[in-house]
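Residue strings, one per chain:
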Amino acid sequence: MATQTRRQARQMLPIIAWLPRYDRRSLRPDVIAGIAVAAMIVPKNLGYAEIAGVPVQNGLYAAAAGAIIYALFCTSRHISTGPSSSLATVAGGAVIVVGVTGGDAAQLVAAITLATGVLFLLMAVLKLGWIAQFLSRAVVTGFLAGAAVDVVVGELPKLTGTSGDGDNVWREFASWVLGLGALHVPTLVIGTLALAVILALRFWAPKVPGALVLVGGGLLASHLLDLGERGVALVGPVPSGLPVPQLPSLEVASAHIPEVVVAALALLLIGFSQTAGDARSFATRHRYRIDENQEALAQGMANVGAGFVQGMPVSTSLSASSLNESAGARTPLASLTTGMLVILTLILLAPLFSELPKAVLGAIIIDAVVFGMIDLKEFARLRRVSRFDFWIALAAVAGVLSAGVLFGIVIGILLSLGWLVYVSTRPAMPLLGREPGTQVFRDIESNPADEAVPGIAALRLDGGLFFATAEAFDERVRGLLTGDDSPSALILDLEGVGFIDSQGAAKVTELIDLTDTDGVTVRLARVKPQVLAVLQAQGVIDRIGADHVHGNVHRAVDAELTQRADGESNLPQ
């Protein structure tokens, strides 16, 4: 019993297994990696908190909780968990829709974070990772790009010292443009310089932590030039110390349940798809194995912890994880180091951030979302590979820009489900022709030089035959049988049919009734055993005869031509 308990504890808390066997030779690279990641994420998390609409210290609370708690439960050695631009944008979208500010906004985001953690835990316990598949990559690409534009437009007033508002991105941008008459020159200078510096470092010195340089430079300029007295907006008071763990306000959460649920579901879908893919990628490169359910559990616990300390949603940060890897991380101790350094920052350095110009923070945010959320290469790939997916991605962008981030999530999910339904209910059903000089039958539309067999229609169904596709199948077959050049024999190639339900089997029976009336012979080819079993139970095989079921299309055509020849030879002379 005790042995089983210890085994379960090691499974739930992998740190119990790896920490006692920790190789001290890994300590130096792990600590160096933890320091590098902390230097990168501390300034960025200040910006992520601004995106989410919560006090800047709340971003650091989440960063510390996410890094430490994830390290306790994870199976990946390289993943760095914390706030990200995409997660912050979703949380911020909920804050905007609800219209809360200050302490209520922080409580709402904490409630969303806690709900996200609970959903992650349910996914891990019930093994529901497949749910993430319902958000297509094209929709995610478009949604993130639209959300990035939304954030950029929202940050522009910080760079110019003006204001802008509106119920969607278009109106907010127009409001900002119209308000440029009140431009604050010192703020514009600081914002422009900050944006130029961080972009220059990104392109010409990518190994330099641009956000950290910008924060340091911004604090120094604020102190030396007394920017606050010159009218430049500053971050404002940032308390030192750690938060007291507590549940988010039930009053705030219960008043906005729909927004909390939608945001948490979106964060789950986005967060899990990032976590699973990135963790697999690192594990493959370094030849170790991960447990995806345990990774979901680790992310769930990290979000629950972040919610309890008034933080914001956390998940895998690809940029931080990549830095963690390149800096030499070998175990989750690197993540623990990062978390502890963030805690030290909160205790010792947090008040320093109060003098940071908001224009500098705006430049950090713009850099983070533009290069972290807009994937131009993926848009180009979608346009090249699948125009429909490309237009789906653009529709997702338009949805976010027109309806806002939170409703854009709903639009994205509906687009994904709509595309899934469309694809599922409209499988390809090409007519087949014989490749000249061979026994191969293939799509005759794609291969116009192939030979159609006179009087025989060979039709291939590329998908399951069930309630959602039965009507499309019926329409296709009836169209063949009632056309100007209707065949005397119909061969159904079922190689692509891996599943058939009772409605699909019943539809085959209806079509056999139709072919019997019209005197058309029906033959089946390449029928999978599980499909054949259903058709036998339906009585289809008894109707057409077992000798009308063939191993491939060539044999079916050959059998039909032989039967015709025999029939003609038996006619009276």
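I will try to describe carefully the structure that is included in this document. (Residues numbered from 1 in each chain as written. Predicted model: local features only at pLDDT ≥ 70, side-chain atom pairs only at ≥ 80, totals over all residues. Heavy atoms only, no water.)

1. Topic: the packing of helix H9 (residues 185-204) against helix H16 (residues 358-373)
Put simply, the rule is: A fitted line through C-alpha atoms serves as each axis, taken over the contacting stretch for helices, and the angle formed by two N-to-C directions is quoted from 0 to 180°. We count a stretch as a helix when DSSP gives it H or I for four or more residues in a row; a strand needs E for two or more, and each element gets its number in order from the N terminus. Put simply, a crossing is left-handed when the front helix is turned counterclockwise from the back one by less than a right angle, and right-handed when it is turned clockwise. Should any heavy atoms of two residues lie within 4.5 Å, those residues are counted as being in contact. Here the nonpolar group is Ala, Val, Leu, Ile, Met, Phe, Trp, Tyr, Cys and Pro; Asp, Glu, Lys and Arg are the charged ones; every other residue, Gly included, is treated as polar.
With their axes 8 Å apart at the nearest point, H9 and H16 run at an angle of 40 degrees to one another. Here the hand of the crossing between H9 and H16 comes out right-handed. Contacts between H9 and H16 involve Thr-187, Ile-190, Gly-191, Ala-194, Leu-195, Ile-198, Leu-199, Arg-202 and Phe-203 on the former and, on the latter, Ala-359, Val-360, Ala-363, Ile-364, Ile-366, Asp-367 and Phe-371. The class makeup of the residues in the contact of H9 with H16 is 12 nonpolar, 2 polar and 2 charged.

2. Quick look at the sheet that holds strand S8 (residues 549-550)
Counted only if it meets this: When DSSP locates at least two bridges between a pair of strands, those strands are taken to pair.
Spatial ordering of the open sheet is given by S5-S6-S7-S8, a layout of 4 strands whose pairing is parallel. The open sheet terminates on both sides in strands that have one partner only, identified here as strand S5 (456-460) and S8. Bridging between S5 and strand S6 (residues 489-493) involves 5 bridges; their strand directions are parallel. Considered in S6, the bridge of Ile-456 is made with Ala-489.

3. Examining the side chain of Asn-168
How we decide: Think of it in three bands: with a 1.4 Å probe and only protein chains considered, a residue is buried below 20% of the maximum accessible area for its type, exposed above 50%, and partly exposed in between. Distance and chemistry together define a polar contact, namely a pair of N or O atoms within 3.5 Å, with one atom able to donate a hydrogen and the other to accept it when in protein, and with adjacent residues in sequence counting only for side-chain atoms on both sides.
Looking at the secondary structure, you find Asn-168 in the loop between helix H7 (137-160) and helix H8 (169-178). When its relative accessible area of 14% is taken as the criterion, Asn-168 is described as buried. Among the polar contacts made by the side chain of Asn-168, one reaches the main-chain amide nitrogen of Arg-171 at a distance of 2.9 Å. Not counting residues within four places of it along the chain, the set of residues in contact with Asn-168 comprises Leu-401 and Ser-402.

4. Comments concerning the packing of aromatic side chains
The line we're drawing: In this analysis, rings of Phe, Tyr and Trp, with Trp reduced to its six-membered ring, are considered paired at centre separations within 6.5 Å, and the interplanar angle assigns stacked below 30 degrees, edge-to-face beyond 60, and tilted for intermediate values.
For the structure shown, the criterion picks out 7 aromatic pairs. With a centroid separation of 5.7 Å and an interplanar angle of 35 degrees, the aromatic rings of Phe-173 and Trp-176 are classed as tilted. In this pair, Phe-173 and Trp-176 are both assigned in helix H8, 3 residues apart and thus about one turn of the helix distant. Given a relative accessible area of 13%, Trp-176 falls into the buried group. Consider the rings of Phe-388 and Tyr-422, whose centres lie 6.3 Å apart with planes at 10 degrees: the pair is stacked. In this pair, Phe-388 sits in helix H18 (residues 387-403) while Tyr-422 sits in helix H19 (residues 405-425), placing the two residues 34 residues apart along the sequence. Classification of Phe-388 by relative accessible area gives partly exposed; the value is 42%.

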